[in-house]
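Chain residues, written in single-letter form:
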Amino acid sequence: MPHLYHLLQLMRLTKPTLFTNIPVTCEEKDLPGDLFNQLMRDDPSTVNGAEILMLGEMLTLPQNFGNIFLGETFSSYISVHNDSNQVVKDILVKADLQTSSQRLNLSASNAAVAELKPDCCIDDVIHHEVKEIGTHILVCAVSYTTQGGEKMYFRKFFKFQVLKPLDVKTKFYNAESDLSSVTDEVFLEAQIQNITTSPMFMEKVSLEPSIMYNVAELNSVNQAGECVTTFGSRAYLQPMDTRQYLYCLKPKKEFAEKAGIIKGVTVIGKLDIVWKTNLGERGRLQTSQLQRMAPGYGDVRLSLEAIPDTVNLEEPFHITCKITNCSSERTMDLVLEMCNTSSIHWCGISGRQLGKLHPSSSLCLALTLLSSVQGLQSVSGLRLTDTFLKRTYEYDDIAQVCVVSSAIKVES
């Protein structure tokens, strides 16, 4: 029986790249004169009027396998060719992708081809969105039956690495959500760095919040009634460049109304990043759920409802504080003490009884104070004592006010 020869070929399907022209120039007084410039003007790969800028109008086919990045779509062309002089039957071509954690079947069809004549081939195109970094092995297996009824089988392995395209770092900042809310707003800063070797067009960077939050993007400004991105009209990210995105998350009403419900580690949401490279090749990444440690307020929380931005030196001004019992089962009997600092002086009676405060309830206090020092001063010195447990809660650096000379008129 003559031997059967089958050729299995695999080619990665990628888009062409722009040809980069390397200019060679000299001054006209040099020996070549205008020769190099004339040659570049006649070169079909250069752009008219910009011959020395390394810009090309020609496209070149990929010369190697290239890099594959997480979030991109890996496309490959598989061809099985019958190099023998015999007809084979029941040809089955199977393509599996082996990663560090799973094995995926990428074959478009699992049905066998009835027969394959000499010098004919079976072609298949596979696509896969890469979701893991590290080593990937594409396993291509072919099984068939000879004219004599013998079952034949062979396979080939194609190994490649998947690289990380972006470096994403996040930072959380806590702030007062608004003057009537119990729970803090959360500001998320996402730093995204392009760690590939080619520019990226950042098509979308958004934050999908968890069920507890509503999100507002702070990456645009309103100019003449039109929303304009803070990054300009060209959202390109050059290699190794970093861009910072800012988001504000506010707890939903059903969570914000319950004092102290958002404690400990909470899930914020996840970032959804979409980009394009080269000739429109699309990539997409979603981060894992972002978590942060919510600030702990203990059993009692003190927040500001109202405070002026600027006050006059040595003139009384008013603030409104809100005291919340964050305990879910214990009633408190509170006493308020006011301690003067070197710059801030409280007006009123210290040590007064505030009465009983039931679990998850709040009360508002109007307080008066004045500053004896100009500049940006910190409001400090409030003390709350729970007479039931004989426990004192100290509140310093509650807020800051700008103190100016009384000769300067303070605008409301």
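The rules behind these values
Position numbers for residues start from 1 in each chain and track the written sequence from start to end. Residues qualify for local features only when their pLDDT is at least 70, as the model is predicted, and side-chain atom pairs are given and counted only at 80 or more; totals for whole chains, interfaces and linings, by contrast, use all residues. Derived side-chain values reflect all non-hydrogen atoms in the structure, with water molecules and hydrogen atoms excluded from consideration. UniProt positions are given in the numbering used here, feature names are shortened, and annotations may be inferred rather than shown by experiment. Only DSSP runs of H or I reaching four residues or more are called helices, and only runs of E reaching two or more are called strands; each is numbered from the N terminus. Relative accessible area decides the class of each residue, using a 1.4 Å probe on protein chains only: under 20% of the type maximum gives buried, over 50% gives exposed, and in between gives partly exposed. What makes two residues a contact is simply this: any of their non-hydrogen atoms within 4.5 Å. Only one rule defines a salt bridge in this text: a Lys or Arg side-chain nitrogen within 4 Å of an Asp or Glu carboxyl oxygen. Any two strands with at least two DSSP bridges between them are considered paired. Comment: axis = line fitted to C-alpha atoms, over the contacting stretch for helices; angle = value between 0 and 180 degrees taken between N-to-C directions. Definition of a polar contact: a pair of N or O atoms within 3.5 Å, with one able to donate and the other able to accept a hydrogen when the atoms are protein atoms, and with sequence-neighbouring residues admitted only if both atoms are side-chain atoms. When two cysteine sulfur atoms are found within 2.5 Å, that pair is recorded as a disulfide. Nine residue types can take part in a nonpolar core, namely buried Ala, Val, Leu, Ile, Met, Phe, Trp, Tyr and Cys, and a core is a set of them joined through side-chain atoms within 4.5 Å. Domain extents, as shown, originate in an automatic or database domain assignment. Grid points spaced at 1 Å and placed over the protein atoms alone form the basis of the search, with a cavity being a set where a 1.4 Å probe fits but cannot get out and a pocket an open set showing protein on both sides within 12 Å along at least five of seven lines. Lining residues have an atom within 4 Å of a point. Grid points are joined across faces, edges and corners, and a volume is the space filled by probe spheres set on the points. Amino acids are sorted into nonpolar (Ala, Val, Leu, Ile, Met, Phe, Trp, Tyr, Cys and Pro), charged (Asp, Glu, Lys and Arg) and polar (every other residue, Gly among them).

- The name given to the protein in an unreviewed UniProt entry is Trafficking protein particle complex subunit 13, with Tursiops truncatus as the source organism.
- In its Subunit (unreviewed entry) section, the UniProt record describing the protein reads: "Part of the multisubunit TRAPP (transport protein particle) complex."

**Considerations on the overall build of the protein**
- A tally of regular secondary structure across the protein gives two helices and 33 strands.
- Going through the 412 residues of the protein one by one, you find that 39% of them count as buried.
- For the protein, the proportion of contacts with a sequence separation of at least 24, taken over those separated by at least 6, is 69%.

**Quick notes on the pattern of salt bridges**
- Counted according to the given criterion, the structure contains eleven salt bridges.
- E203 is paired through a salt bridge with K276; the nearest N and O atoms lie 3.3 Å apart. Within this pair, whereas E203 is found in strand β14 (residues 200–209), its partner K276 is found in strand β20 (residues 265–277), the two being separated by 73 residues in sequence.
- For E203, a relative accessible area of 36% corresponds to the partly exposed category.
- The exposure class of K276 is partly exposed, given its relative accessible area of 31%.
- In this structure, R330 and D299 form a salt bridge, with 3.2 Å as the shortest nitrogen-oxygen distance. You can see R330 sitting in the loop between β25 (317–325) and β26 (332–338) and its partner D299 sitting in the loop between β22 (290–293) and β23 (300–306), a full 31 residues away along the chain.
- Given the relative accessible area of 24%, D299 is considered partly exposed.
- Among the charged side chains, a salt-bridge network with shared partners connects D299, R330, D386 and R391.

**A closer look at the sheet that holds strand β32 (residues 391–395)**
- Here four strands make up an open sheet; going across it, the order is β28-β26-β31-β32 and the pairing antiparallel. Two strands lie at the open edges of the sheet, namely β28 (352–357) and β32, each paired on one side alone. The mean inter-strand angle of the sheet, taken between neighbouring strand axes irrespective of direction, is 25 degrees.
- One ladder, built from five bridges, connects β26 with β28; its direction is antiparallel. Bridge pairing in β28 links M332 to L357.

**Section: the pairing of strand β27 (residues 344–347)**
- On β27, burial follows the alternation: I344 and W346 on one face are buried, whereas H345 and C347 on the facing-out side are not.
- Note that β27 and strand β29 (residues 362–371) share four bridges and pair antiparallel. Note that in β29 the partner of I344 across the bridge is S371.

**Remarks on the side chain of S107**
- When you line up the elements, S107 lands in the loop between β7 (103–105) and β8 (113–116).
- Residue classification places S107 among the buried positions, given a relative accessible area of 13%.
- Polar side-chain contacts of S107 include one of 2.7 Å to the backbone nitrogen of A95.
- When near neighbours in sequence (up to four residues on either side) are disregarded, S107 contacts V93, K94, A95 and D124.

**A word on the state of the cysteines**
- Scanning the model with the defined rule gives zero disulfides in all.
- No disulfide involves C364; its sulfur sits 9.1 Å from the nearest other cysteine sulfur, which is in C321.

**Some thoughts on the pairing of strand β5 (residues 73–82)**
- Burial analysis of β5 places seven of its ten residues in the buried class, the great majority of the element.
- Two elements, β5 and strand β9 (residues 121–129), share nine bridges in a ladder whose sense is antiparallel. Residue pairing for β9: Y77 is matched across the bridge by V125.

**Section: the nonpolar core**
- Counting 45 residues, the largest nonpolar core has I78, I91, L138 and M202 as its most contacted members.
- Examining the composition of this core, we find that five residues originate from one element, strand β6 (residues 88–98), more than from any other.
- Composition of this core by domain shows at least three residues from each of domain 1 (6–15 + 60–161) and domain 2 (164–289).
- Sequence-distant contacts of M202, defined by excluding residues within four places in its chain, comprise I192, A235, L237, R243, Y245, I273, V274 and W275.

**Some remarks on the layout of surface pockets**
- In this structure, the largest pocket occupies an estimated 700 Å³ of space.
- Taken together, 26 residues form the lining of the largest pocket, with R12, T17, N67, N278 and E281 sitting closest to its centre.
- Breaking the lining of the largest pocket down by element, the ones donating at least two residues are β5, β20 and β21 (281–286).
- For the lining of the largest pocket, the per-class residue count stands at seven nonpolar, 14 polar and five charged.
- Counting contributing residues per domain, the lining of the largest pocket is built from domain 1 (6–15 + 60–161) and domain 2 (164–289), each supplying no fewer than three.

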